[in-house]
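# Structure assessment
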Amino acid sequence: TEAQFDDYMAAFEKTLEPYLPSLNKRGMSALAGIKKDDMVRALFDKHFKASGKSQTVAVEFAEKARGIFERIRLDLNAVGMNIKKLKAWHLPQIHNTLAIRNVPKQQWVDDTIALIDVDATKLALNSPKMNDATFRKVMEQMYDSISSEGTAKIEITGVSKFIKKALANTSQEHRILQFGDADSWLKYDEAYGMGDPFQSIVNYIQDSARTLQAIKTFGPNPDAMINSIQEMLKQATGKKNAGEFMQ
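Here the structure is a predicted model, which is why all the values come from computation and not from measurement. (Residues numbered from 1 in each chain as written. Predicted model: local features only at pLDDT ≥ 70, side-chain atom pairs only at ≥ 80, totals over all residues. Heavy atoms only, no water.)

### Examining the overall build of the protein
Note the following rule: Elements are defined by DSSP. Helices are runs of H or I of four residues or more, strands are runs of E of two residues or more, and each kind is numbered from the N terminus. Burial classes follow relative accessibility: with a 1.4 Å probe on protein chains only, a residue under 20% of its type's maximum area counts as buried, one over 50% as exposed, and anything between as partly exposed.
On a plain count of helices and strands, the protein comes out with 11 helices and zero strands. In the protein, the succession of helices and strands from N to C terminus is α-α-α-α-α-α-α-α-α-α-α. The buried share of the protein, taken over its 247 residues, is 43%.

### Some words on the pattern of salt bridges
Quick note on the threshold: We count a salt bridge whenever a side-chain nitrogen from Lys or Arg sits within 4 Å of a carboxyl oxygen from Asp or Glu.
In total, this model carries 10 salt bridges according to the counting rule given. Ionic pairing is found between K36 and E190, a salt bridge with its closest N-O pair at 3.1 Å. You can see K36 sitting in helix α2 (residues 36-44) and its partner E190 sitting in helix α9 (residues 182-192), a full 154 residues away along the chain. The exposure class assigned to E190 is exposed, which follows from its relative accessible area of 57%. Between D207 and R210 there is a salt bridge; the shortest N-O distance is 2.8 Å. Here D207 pairs with R210, and both are found in helix α10 (residues 197-218), just three residues apart, close to one helical turn. Take D207: its relative accessible area is 33%, and that puts it in the partly exposed class. Connected through shared salt-bridge partners, D37, R41 and D183 make up one network.

### Concerning the nonpolar core
How we decide: Nonpolar core, defined: a set of buried Ala, Val, Leu, Ile, Met, Phe, Trp, Tyr and Cys residues in which side-chain atoms within 4.5 Å join the residues together. Here, two residues are considered to be in contact whenever any of their heavy atoms come within 4.5 Å of each other.
The biggest cluster of nonpolar side chains holds 51 residues, and the ones touching the most others in it are L43 and W108. When residues of this core are traced back to their parent elements, those giving at least two are α2, α3 (53-78), α5 (105-115), α7 (132-147), α9 and α10. Of all the elements, α3 adds the most residues to this core, at nine residues. Those residues within four positions of L43 in sequence are excluded, and the remaining contacts are F61, A62, A65, R66, F69, H90, L91 and I201.

### Let's talk about α7
What counts here: Each residue after the first adds 1.5 Å to the expected span of a helix. In the analysis that follows, any N or O atom pair within 3.5 Å is treated as a polar contact, provided that within protein one partner can donate a hydrogen and the other can accept it, and provided that, for residues neighboring in sequence, both atoms belong to side chains.
Helix length check: α7 (16 residues) gives 22 Å between terminal C-alpha atoms against 22 Å at 1.5 Å per residue, within 8%. The N-capping residue of α7, defined by a side-chain oxygen 3.2 Å from the backbone nitrogen of A133, is N131. Phi turns positive, to about 55°, at E149, one or two residues after α7.

### A few points about the packing of α2 against α3
Rule in force here: Interaxial angle, 0 to 180 degrees, is taken between N-to-C directions of lines fitted to C-alpha atoms, where a helix line uses only the stretch in contact. Convention used here: angles under 35 degrees read as roughly parallel, angles over 145 as roughly antiparallel, angles from 65 to 115 as roughly perpendicular, and any remaining angle as oblique. In this scheme the crossing of two helices becomes right-handed for a clockwise turn of the near helix relative to the far one and left-handed for an anticlockwise turn of less than a right angle.
One way to put it is that α2 packs onto α3 with a least axis distance of 8 Å and a crossing angle of 50°. With respect to α3, the element α2 is oriented oblique. You can see that α2 and α3 cross each other, and the crossing is right-handed. On α3, the residues that touch D38, M39, A42 and L43 of α2 are S54, Q55, A58, V59, F61, A62, A65, R66 and F69.

### Notes on the packing of aromatic side chains
Quick reminder of the rule: In summary, the pairing rule links any two rings of Phe, Tyr or Trp, Trp by its six-membered ring, whose centres are within 6.5 Å, and it sorts them by plane angle into stacked for under 30 degrees, edge-to-face for over 60 and tilted for everything else.
On inspection of all chains with the given rule, the structure shows seven aromatic pairs. For the ring pair F61 and F198, a centre distance of 6.0 Å and an interplane angle of 55° mean the geometry is tilted. Of the two residues, F61 sits in helix α3 while F198 sits in helix α10, which places them 137 residues apart along the sequence. Like F61, the residue F198 is buried in the burial classification.

### Topic: the packing of α5 against α9
Under the convention used in this document: Three classes are used: nonpolar for Ala, Val, Leu, Ile, Met, Phe, Trp, Tyr, Cys and Pro, charged for Asp, Glu, Lys and Arg, and polar for all others, with Gly counted as polar.
Between α5 and α9, the shortest axis-to-axis distance is 9 Å and the interhelical angle comes to 160°. It follows from the interaxial angle that α5 and α9 lie roughly antiparallel. In this structure, α5 crosses over α9, and the sense of that crossing is left-handed. When α5 is examined against α9, the residues Q107, W108, D111, T112 and L115 are found in contact with a partner set consisting of S184, K187, Y188 and Y192. For the contact of α5 with α9, the per-class residue count stands at four nonpolar, three polar and two charged.

### Re the confidence of the model for the protein
Caution is warranted with low-pLDDT regions, since their predicted coordinates should not be read in detail. Rule in force here: pLDDT measures how confident the predictor is about each residue, on a scale from 0 to 100.
Per-residue confidence for the protein gives a mean pLDDT of 76; residues scoring 70 or more make up 66%. In the model of the protein, helix α11 (residues 222-237) stands out as the element of lowest mean pLDDT, 49, in contrast to α5, which has the highest, 97. Here residues 21-30 scores under 50 on pLDDT; set against residues more than four positions off or in separate chains, the count is 20 contacts. Here residues 167-171 is modelled with pLDDT under 50, and outside its nearest four sequence neighbours on either side it reaches 12 contacts, counting other chains as well.

### Brief notes about the environment of D117
Relative to the helices and strands, D117 is located in the loop between α5 and α6 (118-124). Given a relative accessible area of 30%, D117 falls into the partly exposed group. A sequence separation of 64 residues divides D117 from D181, and the C-alpha atoms of the two residues are 8.8 Å apart. Ignoring sequence-local partners within four residues, the contact set of D117 consists of Q178, F179 and G180. A polar side-chain atom of D117 sits 3.3 Å from the main-chain amide nitrogen of D119.

Structural data, given as structure tokens:
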């Protein structure tokens, strides 16, 4: 996992070296000479016109980031995943579990629906004809999944297995919500995200590297394989908690 992450980050940094004299990929929260608003707008708009240093760096950054995002998508698909290329997806949206947990479910649902591109989000869920009532139930379940860090049981009737799997898979939460413009993404991120698009991107790269390595090691359903191994260990040792062997 560490080697894969380093590989992605090395490619990510290659053309940005003039702007990253003190980059610490483990914890840096900003890029030298680039404003976060410019970064997000350049990622949303391939024809973003640069004016000044911050926007010039943002355009350079966005071009490289798109290449890394696509490489990650293709790498994961090569080991058995089926991640579609979404026109309305421009950068990962890492959710702030604590911020979401601290507001009522209906408030988060209302705030989020007001900011996202609903039709594009339905398409991302592979259900473009989903009615609004069912979509709201999906958003409510997404709140439960995020606020519980993936432990909430998915209980929605009338939706596909694809949607239930997408909501249950916390590693794919960053791809579900689709935003129509940079301002909407920034408003959501300020309220319910990391408040730092660069760190969100680094976290996404790290999570993707971890997912890729898990699939390479344990197969296309790593959680099921790990549970199977733990069960085998439990039976072999007579221990109730075999998870300690998997640490």
